[in-house]
Amino acid sequence: GTDATVQDVHQKVDSHAAYAQANIHITDQLFATVGGRYSKDEKKGSYDQTTNPFMATVRAAESLALPDIDDSKFTYRLGLNYEPTEDHLFFATYSTGYKSAGYNSGAGAPSLTTVGGVFVPERRVFDRETTENWELGAKTSWLDRKLTVNLTLYRMDISGFQDRAFDGTSFTVRNAGNLRHQGFELDSVVKPVRNLSLFASLAYLDSEFTEYPNAANLPGLGGTQDLEGEPATFAPKWSGRVGFDWSGNLGSGGMTWDLNSNVSFVSKHFGGL
């Protein structure tokens with residue numbers, strides 16, 4: 001039989017980067033971290049979609065050389081670390097991040113590059129995503145290193161968030177707008193006796209779009225919706241894990257045994273349209 005639709009997408013990527021990082025000791029217990037990275041991404045590609053007449057209402061024929069992408073960005077990391085003892089480290093960091101622009105392979109009817117009957121090849125390109133990230137935390141050991149407790153508070157602001165969403169006929173990647181993630185991560189390990197470790201972790205995430213004015217609407221509804229104030233997909237407020245690991249030797253022949261188990265939990269969250 002005849003294939004309903006055939007999609008042929010090709011992409012060539014040349015990616016180059018240079019990175020350096022250094023620790024600067026201010027005192028024996030206080031040191032700063034400075035790092036930087038320059039990234040350059042060049043992309044070329046082509047998109048070809050063929051369809052038979054029976055599928056024309058959901059998949060439009062389309063063929064084009066994708067617009068060239070030449071994207072580059074300098075990102076950096078600044079940190080301050082205080083280590084009063086070998087068992088305690090307190091830190092604060094500020095860093096920036098970057099994901100380069102890319103190509104959208106979504107298909108539909110009309111085609112993604114057709115707007116009001118006008119051919120717009122640039123709609124096959126989504127823009128870069130950038131981040132700013134703040135962290136404040138501690139890595140600690142107690143009771144002669146029988147207890148380890150680590151805590152990190154964080155806030156991440158994402159600009160031009162590259163979101164994959166259903167537009168009514170297909171899944172497409174778009175620059176949603178701005179997204180904020182903030183919360184904390186806590187993990188601990190206790191070793192009450194030799195070869196036995198008990199561990200527990202807990203994470204809280206406050207996820208919210210601070211700007212997303214033209215999100216895809218619910219299936220079956222036309223137009224767009226404003227998702228400002230809503231969380232990102234797959235961003236549960238609470239998650240965690242508890243468990244143990246117990247090991248030992250079997251006689252004097254060098255054989256060992258290991259018994260472990262864990263239970264994880266995730267609170268309800270938005271799974272997407």
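These numbers were taken from a predicted model, which means no experiment stands behind them.

Here is what the cut-offs are and how they apply
- Residues numbered from 1 in each chain as written.
- Predicted model: local features only at pLDDT ≥ 70, side-chain atom pairs only at ≥ 80, totals over all residues.
- Heavy atoms only, no water.
- Helix = DSSP H or I, 4+ residues; strand = E, 2+ residues; numbered from the N terminus.
- Rg over C-alpha atoms; globule rule 2.2 N^0.38 Å.
- Buried < 20%, exposed > 50% of the residue type's maximum accessible area, 1.4 Å probe, protein only.
- Pairing = 2+ DSSP bridges.
- Axes fitted to C-alpha atoms, helices over the stretch in contact; angles between N-to-C directions.
- Phe/Tyr/Trp six-rings, centres within 6.5 Å; stacked < 30°, edge-to-face > 60°.
- Salt bridge = Lys/Arg side-chain N within 4 Å of Asp/Glu carboxyl O.
- Core = buried A, V, L, I, M, F, W, Y, C linked by side-chain atoms within 4.5 Å.
- Contact = heavy atoms within 4.5 Å.

(A) How the structure looks around the overall build of the protein chain. If you tally the helices and strands in the protein chain, you get 0 helices and 18 strands. For 273 residues, the compact-globule formula gives about 19 Å, and the C-alpha radius of gyration of the protein chain, at 25 Å, lies well above that figure. In terms of its C-alpha atoms, the protein chain occupies a principal-axis envelope of roughly 70 × 50 × 40 Å. In the protein chain, which comprises 273 residues, the share counted as buried stands at 32%.

(B) Highlighting the sheet that holds strand S1 (residues 5-25). On the basis of which strands lie adjacent, the open sheet formed by 10 strands has the order S1-S2-S3-S4-S9-S10-S13-S14-S17-S18 and antiparallel pairing. Sheet topology places S1 and strand S18 (255-266) at the edges, where each strand pairs with a single neighbour. Across the sheet, the mean angle separating the axes of adjacent strands is 10° when strand polarity is ignored.

(C) Molecular detail of unusual backbone geometry. One non-glycine residue, Leu143, lies in the positive phi region at around 55°. By the secondary structure assignment, Leu143 is in the loop between strand S9 (129-142) and strand S10 (147-159). The backbone phi angle of Phe234 is positive, close to 55°, even though this residue is not glycine. Looking at the element boundaries, Phe234 is found in the loop between strand S16 (224-225) and strand S17 (238-250).

(D) Seen up close, the pairing of S17. Bridging between strand S14 (residues 196-211) and S17 involves 9 bridges; their strand directions are antiparallel. Pairing of Leu196 across the sheet is with Trp246, part of S17. Pairing analysis gives 12 bridges linking S17 to S18, with the strands arranged antiparallel. Bridge pairing in S18 links Val242 to Val263.

(E) A look at the packing of aromatic side chains. For the structure shown, the criterion picks out 9 aromatic pairs. Arranged with centres 5.2 Å apart and planes meeting at 50°, the rings of Tyr94 and Trp134 form a pair that is tilted. Placement of the pair is Tyr94 in strand S4 (residues 88-99) and Trp134 in strand S9, with a sequence separation of 40 residues. Ring centres of Phe184 and Tyr204 lie 6.2 Å apart, and the angle between their planes is 25°; this geometry places the pair in the stacked category.

(F) Here's a closer look at the pattern of salt bridges. All chains considered together, the criterion is met by 10 salt bridges. For Arg145, the salt bridge goes to Glu86, with nearest N and O atoms at 3.6 Å. Highlighted residues: Arg145 in the loop between S9 and S10 and Glu86 in the loop between strand S3 (62-85) and S4, separated in sequence by 59 residues. Judged by relative accessible area, Arg145 falls into the partly exposed class, the value being 47%. Residue classification places Glu86 among the exposed residues on the basis of a relative accessible area of 70%.

(G) Structural detail: the nonpolar core. Counting 13 residues, the largest nonpolar core has Phe161, Ala176, Leu179, Phe209, Tyr212 and Ala232 as the members making the most contacts within it. When residues of this core are traced back to their parent elements, those giving at least two are S10 and S14. In contact with Ala176, other than residues within four places in its own chain, are Phe161, Asp163, Phe209, Glu211, Tyr212 and Pro213. Within the second largest apolar cluster, 7 residues are counted, among which are Leu66, Ile69, Ala101 and Tyr103.

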